[in-house]
Amino acid sequence: MIVCVAVVGPQNNPLYLQSFTEADDALKLHHIVHCSLDVIEEKVNNPKKSGSTLSETFLGLLYPTENYKVYGYLTNTKVKLILVTTDLDVRDVDVRNFFRKFHAAYVDAVSNPFHVPGKKISSKTFSSRIGGIVKSFGPGSPP
Amino acid sequence: MVEVSLSAFAFLFSELVQYNQTQVDNIAELERRLEDAGYAVGARVLELFCHREKGNRRETRLLGILSFVHTTVWKVLFGKVADSLEKGTEHEDEYMISEKELLVNRFISIPKDMGTFNCGAFVAGIVRGVLDNAGFPSVVTAHFVPMEGQQRPRTTILIKFADEVSHMMALLNIY
């Protein structure tokens, strides 16, 4: 089950943060997202060490905490999309699909000529689309 | 792929230039405003095209991002690839994209007293928006280059990368 999604800008400024569960403390989720930014920086700046290709957008599992898993995705403009989930057996292809749809929704939100890059994304359409994508996340979701 | 009417765009662009003309006193300011308008477009263009056209690849190399601008961006915006992409001879970090007739300039004529003003500053702004947001800060300008045997001069977009780009490329050992 997806607990939280976040969009963080190129200077690590938060552009969008949404949690989908009442059970957990929203602040704790924000803290987890914040910590995962460090892992992303490390992966991006040390390509030889981590071994992954420099130009891949999907960064994969960033780090597992006690009951959460954090996945990262980097777009071409250094905008980071972060996903926190509580599922224990998440398939890689599901996460990639999720990020693809997430990226499409993000691109549409940014194409708005009235959106100022660097400010928070305040579009209601974007929020409802993200809600829809999160609901349809799960094994067997269509590509 | 959505097609937009050329005359509608030319009308909109001419209105954009005229509106900015009433707001400024000199040519340099007008050029800067057109560039800023293009920068906003370029930022969105980069995000949209990378997602739509190129799947999941990020551009981290200088030549990669330049050829992306030269082919993909030009093709989707203007319907054809740019005429040529050259590396500057004098400086290491200068590149030029040339076009015989920029689409935005097709229905624009520059009066003699405006001197070297080029509405291609809008396109220069688009290129700067793409490069800046991809992590390659640069200064981009548009120039007229007269060609023998042709009535209208060729337009050249000159891209000069900032110092940090050269440092970054030297650090990563790729070019």
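Sequence order sets the numbering: in each chain, residues are counted from 1 along the sequence as written. Key to labels: chains lettered from A, ligands numbered from 1, both in the order written. Thresholds applied to this predicted model are a pLDDT of at least 70 for local features of residues and 80 or more for the giving and counting of side-chain atom pairs; totals over whole chains, interfaces and linings are not thresholded and use all residues. Only hydrogens and water are set aside; all other atoms, that is, all heavy atoms of the structure, feed into the side-chain values.

- The name an unreviewed UniProt entry gives chain B is Trafficking protein particle complex subunit, with Platanthera zijinensis as the organism.
- In its Sequence similarities (unreviewed entry) section, the UniProt entry covering chain B states "Belongs to the TRAPP small subunits family. BET3 subfamily."
- According to its UniProt record, chain B has this under Subunit (unreviewed entry): "Part of the multisubunit TRAPP (transport protein particle) complex." UniProt positions are given in the numbering used here, feature names are shortened, and annotations may be inferred rather than shown by experiment.

- The name recorded for chain A in an unreviewed UniProt entry is Trafficking protein particle complex subunit 2-like protein, from Platanthera zijinensis.

1. Notes on the sheet that holds strand E1 (residues 84–87) of chain B
Residues and elements named next belong to chain B.
Thinking step 1. By the convention used here, strands pair only if DSSP detects at least 2 bridges between them. Each helix corresponds to a stretch of at least 4 residues labelled H or I by DSSP, and each strand to a stretch of at least 2 residues labelled E; elements are numbered beginning at the N terminus. Across the sheet, which stays open at both edges, the 4 strands sit in the order E1-E2-E4-E3 with antiparallel pairing between neighbours. At either end of the open sheet lies a strand with only one pairing partner, and these are E1 and strand E3 (138–145). Direction aside, the axes of adjacent strands within the sheet are offset by 20° on average.
Thinking step 2. In what follows, residue pairs with any heavy atoms lying within 4.5 Å of each other are defined as contacts. Here the axes come from fitting lines to C-alpha atoms, over the contacting stretch only for helices, and the angles between their N-to-C directions go from 0 to 180 degrees. Each of E3 and strand E4 (154–161) is contacted by helix H4 (residues 121–133), which is oriented at about 155° to E3, the strand it contacts most.

2. Thoughts on the pattern of salt bridges
All names here are of chain B.
Thinking step 1. Any Lys or Arg side-chain nitrogen located within 4 Å of an Asp or Glu carboxyl oxygen qualifies as a salt bridge. What the rule picks out here adds up to 10 salt bridges over all chains.
Thinking step 2. Salt-bridge contacts for Arg128 lead to Glu35; the nearest nitrogen and oxygen are separated by 2.9 Å. Of this pair, Arg128 sits in helix H4 while Glu35 is found in helix H2 (residues 27–52), placing the two residues 93 residues apart along the sequence.
Thinking step 3. Note that Glu99 and Lys80 form a salt bridge whose closest N and O atoms lie 2.1 Å from each other. Linking Glu99 in strand E2 (residues 94–99) with Lys80 in the loop between helix H3 (62–78) and E1, this pair joins segments that are 19 residues apart in sequence.
Thinking step 4. It is possible to trace a salt-bridge network through shared partners that takes in Glu29, Arg32, Glu35, Asp36 and Arg128.

3. Structural notes on the pairing of E2 of chain B
Residue and element names in this part refer to chain B.
Thinking step 1. Within E2, 5 of the 6 residues are buried, which leaves the element mostly enclosed by the surrounding structure.
Thinking step 2. The hairpin formed by E1 and E2 contains 6 residues between the paired strands.
Thinking step 3. The sheet contact formed by E2 and E4 spans 6 bridges and is antiparallel. Bridge assignment links Ser98 to a residue of E4, and that residue is Thr156. Working definition: with a 1.4 Å probe on protein chains only, accessible area under 20% of the residue-type maximum means buried, over 50% means exposed, and in between means partly exposed.

4. Structural notes on the packing of aromatic side chains
Residues and elements named next belong to chain B.
Thinking step 1. For Phe, Tyr and Trp, where Trp contributes only its six-membered ring, two rings pair if their centres lie within 6.5 Å, and the inter-plane angle classes them as stacked under 30 degrees, edge-to-face over 60, or tilted in between. Throughout the structure, instances matching the rule amount to 9 aromatic pairs over all chains.
Thinking step 2. Between Tyr95 and Phe161, the ring centres sit 6.0 Å apart and the planes meet at 75°, which makes this aromatic pair edge-to-face. One end of the pair, Tyr95, is in strand E2; the other, Phe161, is in strand E4, with 66 residues separating them in the sequence. Each member of the pair, Tyr95 as well as Phe161, is classed as buried.
Thinking step 3. Summarising the aromatic geometry, the rings of Phe136 and Phe161 are spaced 6.4 Å apart at their centres and angled 70° between planes, so their arrangement reads as edge-to-face. One end of the pair, Phe136, is in the loop between H4 and E3; the other, Phe161, is in strand E4, and 25 residues separate them in sequence.

5. Some remarks on the packing of H2 of chain B against H3 of chain B
Residues and elements named next belong to chain B.
Thinking step 1. One can describe the packing of H2 onto H3 by two numbers: an axis separation of 11 Å at closest approach and a directional angle of 90°. Considered as vectors, H2 and H3 are oriented roughly perpendicular to each other. Along the contact surface, H2 presents Val45, Leu46, Phe49 and Cys50, while H3 presents Phe68, Val73, Val76 and Leu77.
Thinking step 2. The residue classification treats Ala, Val, Leu, Ile, Met, Phe, Trp, Tyr, Cys and Pro as nonpolar and Asp, Glu, Lys and Arg as charged. All others, Gly included, are polar. Per-class residue counts for the contact of H2 with H3 are 8 nonpolar, no polar and no charged. To sort the angles, those under 35 degrees are grouped as roughly parallel, those over 145 as roughly antiparallel, those from 65 to 115 as roughly perpendicular, and the leftovers as oblique.

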